[in-house]
Each structure stands twice: as structure tokens, then as C-alpha cells.
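One letter stands for each residue in the lines below.
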Amino acid sequence: MFLLGKVVISVFFVTCLLEKSVFAQGGYLPIILWHGMGDSCCFSFSLGQIETILKDELPGVYIKSIMIGNNEVEDVKNSYFGNLNDQVQKVCDEIKSSREFSIGYNAIGFSQGAQLLRALVQRCDGPPVYNLISLGGQHQGVYGWPNCASLEHKLCDYLRRLLNYGAYTSYLQNHLVQAQYWHDPLDESKYARRSLFLAEINNEYEINSDYINRLQSLTKLVLVKFENDTLVQPIATEWFGFYEPGQATVVQQLQQTRLFKENRLGLQDMYLNQIDFLSVPANHLQFTDEWFVEKIVRKYLKPPIPKSCVLGAKLCPEEPKS
């Protein structure tokens, strides 16, 4: 009886801590943001502006904007150079050790930050992720170097040449970020065998059932495609499509791909009820504040958590949408 009493007290204490951490945030789940190539966690004109919008719409919400490095300069550099597997593990460790995320969180990825957050969902055995929102993410990779405005022009040209001729070398796979989601449709076998990041999280070489289970644990996977995107090749990758194998002209939509037909990530099971496909008639990441608030914040992030739903680190399975 004494032991049972201690257990009850412990559960009550943990639940109170969870309630305190969540409702100190206005009753909203915390949010993780991960920026794209050439950007930083904290630039006032990019993710800094996103944070302002979120805090206006969700008073008190806790937001963590991912920084890889010790400052903004290092963060930008590490969006080009570094090992993505190490970066994902670093963020996983940070989240698991943070009380703010103990009850779970929502996540928004911008461009390449979207596939990094998906890797986090699939690999990290930490708190649950409820909604994963991908804004222009390249989930089947890219075949073509995007605009490279934030680096000096000659260096951009050098990086393009490196990718064209040696994307799957061990050195580039471990040190050049964009090589780690480079997907060559002319040699699918080499991509599956030598891509140390994208092919691995897409279960291209062998199927990891944990990846499927964790991805399917999402409430929603929200895929936003930018219809006039001039940075991402092909645009269909933003909805998990890609070039038909063996050439680089004809594009397959998600349902036509091997990834979907063989259900290698469990996307068949998620397709009807768990994946929302949104599109914006604009260039890469060019959306208005009004669109972001209406289509993303109020639909996927705004419903608060009723206090009655916080018990034993579990949330209500369905939250009313406003």
C-alpha cells in the first residue's frame, strides 16, 4: 500500500510538471523551426519574422529555432558544410534533455530544414512530434544546384562542379550538406548505396520499420509545394515526387514512385488521412504572412491543449480545429 501511494504521488507530480510546462506556454504545444540553406535561425528578415508571427498568434508559445554552431555566421556556414546525420543527432539530444518539449511539439521545416526535421521524427526516440510542416522541403532530393546567393559566386560554381562529378564520394557525403540529399536519377543504384543521409531516411537500401512507425505516429504531415519554384529541381520533390528513373525529364508524382508503390516509408497508409498537400503559386518560400497564419498557424498550430487532456504525458488524440 505504501509503495502504491508513492507511485500515485509520483505520477501526480510528473503530471503537474507537464501541465506547468505546457500551460506556461499559453496551452499551445512548443514549436521547433529549422531553416534552409544559406539562412540562419535568427535573421530578423526570415525566421525571426516567423517567430514574431507565431508569438502574436500563439501568446506564450515556446519556440526553438535550430542553430547549428555558436552564432549566426557558423549557422549559415553549417547549412552548406557539415554532416547532416551529426546535426540531426545533436538536435535530438537537445530536445530529449529539454523539459519544454517533454510532452511533445510541432515542427516546421523551411526548404532543406524540412528533410532534416523528417529525419529527426524518424530517428529520434524522444518526445512525440504531432504535426510536421514542410515548406518547400526536398523529400526525394534534388538533381540540380539551386541558387546560391549567400555565398561568393566563384564558390557557388565550385560547389556545383563538385556535386556534378563527385556527389557520392565519401568526402562529400560527410562534408557537403547538399551532396547528402543529391539524388541522381541516372544512377539510382549508386544513390541508394552511397547516399548516407537521404537514401537512408527514405528506406531506399533497406527498410527500417522504426522510421515507418515514427513517421506514421504524426497527426499530420503537411507538404507545401511552391508551384513556380526556380530553386528546387524537380519541384515535385516537395510533394515526394521525383524524376522517373533513368532520365531527368519526365517527373513522377508520389503515387507513381517506387517509394510509394513499395510502401517503403509507409506513405501509402498515410496518404488519405495523414498527409495534407498544399500549394502556393509562387517562387521558393515566397508566401505572405496572411497565408501562413490562415493555412498553417490556425489550422495546425493554434488549437490549444485543454487541461483535461494532459495526463501521464498524453494528449487528446483529436483536437478541434479552429
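Look a little higher up for the structure.
Scoring rules and cut-offs
- Residues numbered from 1 in each chain as written.
- Predicted model: local features only at pLDDT ≥ 70, side-chain atom pairs only at ≥ 80, totals over all residues.
- Heavy atoms only, no water.
- Helix = DSSP H or I, 4+ residues; strand = E, 2+ residues; numbered from the N terminus.
- Axes fitted to C-alpha atoms, helices over the stretch in contact; angles between N-to-C directions.
- Parallel < 35°, antiparallel > 145°, perpendicular 65-115°, else oblique.
- Left-handed = near helix turned anticlockwise from the far one by under 90°.
- Contact = heavy atoms within 4.5 Å.
- Buried < 20%, exposed > 50% of the residue type's maximum accessible area, 1.4 Å probe, protein only.
- Polar contact = N/O pair within 3.5 Å; in protein donor to acceptor, adjacent residues only side chain to side chain.
- Nonpolar A, V, L, I, M, F, W, Y, C, P; charged D, E, K, R; others polar.
- Expected span 1.5 Å × (residues − 1).

Asker: I tried to follow unusual backbone geometry on my own but got confused; where do I start?
Answerer: The general pattern is negative phi for most residues beyond glycine and trans for most peptide bonds. The amide bond that connects Q233 to the next residue, P234, takes the cis arrangement and shows omega of -5°. In this structure, P234 sits in the loop between β5 (220–226) and β6 (242–243). The phi angle at F240 is positive, at roughly 70°, despite the residue not being glycine. Structurally, F240 can be placed in the loop between β5 and β6.

Asker: What's the story with the packing of helix α4 (residues 84–96) against helix α5 (residues 112–123) in this structure? I'm lost.
Answerer: Packing of α4 against α5 leaves a shortest axis separation of 10 Å and a crossing angle of 60°. Regarding the angle of α4 to α5, the classification is oblique. Where α4 crosses over α5, the two elements pack in a sense that is right-handed. In this structure, α4 uses L84, N85, V88, V91, C92 and I95 to contact α5, whose residues at the interface are L116, A119, L120 and R123.

Asker: Teacher, can you tell me more about the side chain of H183 here?
Answerer: Considering the arrangement of structural elements, one finds H183 in the loop between α7 (170–175) and α8 (188–194). Under the relative-accessibility criterion, H183 is labelled buried at 2%. A polar atom in the side chain of H183 sits 2.9 Å from the side chain of E188. Ignoring sequence-local partners within four residues, the contact set of H183 consists of Q140, G141, V142, Y143, Y168, E188, Y191 and F242.

Asker: For this particular structure, what's the right way to read the packing of α5 against helix α10 (residues 209–216)?
Answerer: Pairs of packed helices are described in terms of their axes, by the angle between the two and the distance that separates them. Packing of α5 against α10 brings their axes to within 7 Å, and their N-to-C directions diverge by 110°. What the angle tells us is that α5 and α10 run roughly perpendicular. For the pair α5 and α10, the contacting residues are R118, V121, Q122 and R123 in the first and D210, Y211, R214 and L215 in the second. Residues that form the contact of α5 with α10 fall into these classes: three nonpolar, one polar and four charged.

Asker: Got a minute to help me understand α4 in this structure?
Answerer: Side chains three or four residues apart in an α-helix point the same way, a direct result of the helix having 3.6 residues per turn. Under the 1.5 Å per step criterion, the end-to-end length of α4 is 18 Å for 13 residues, consistent within 8% with the ideal 18 Å. Its buried side turned inward, α4 meets β1 (31–34), β3 (105–110) and α5. Between a side-chain oxygen at the N-terminus of α4 and the backbone nitrogen of N85 the separation is 2.9 Å; the capping residue is N83.

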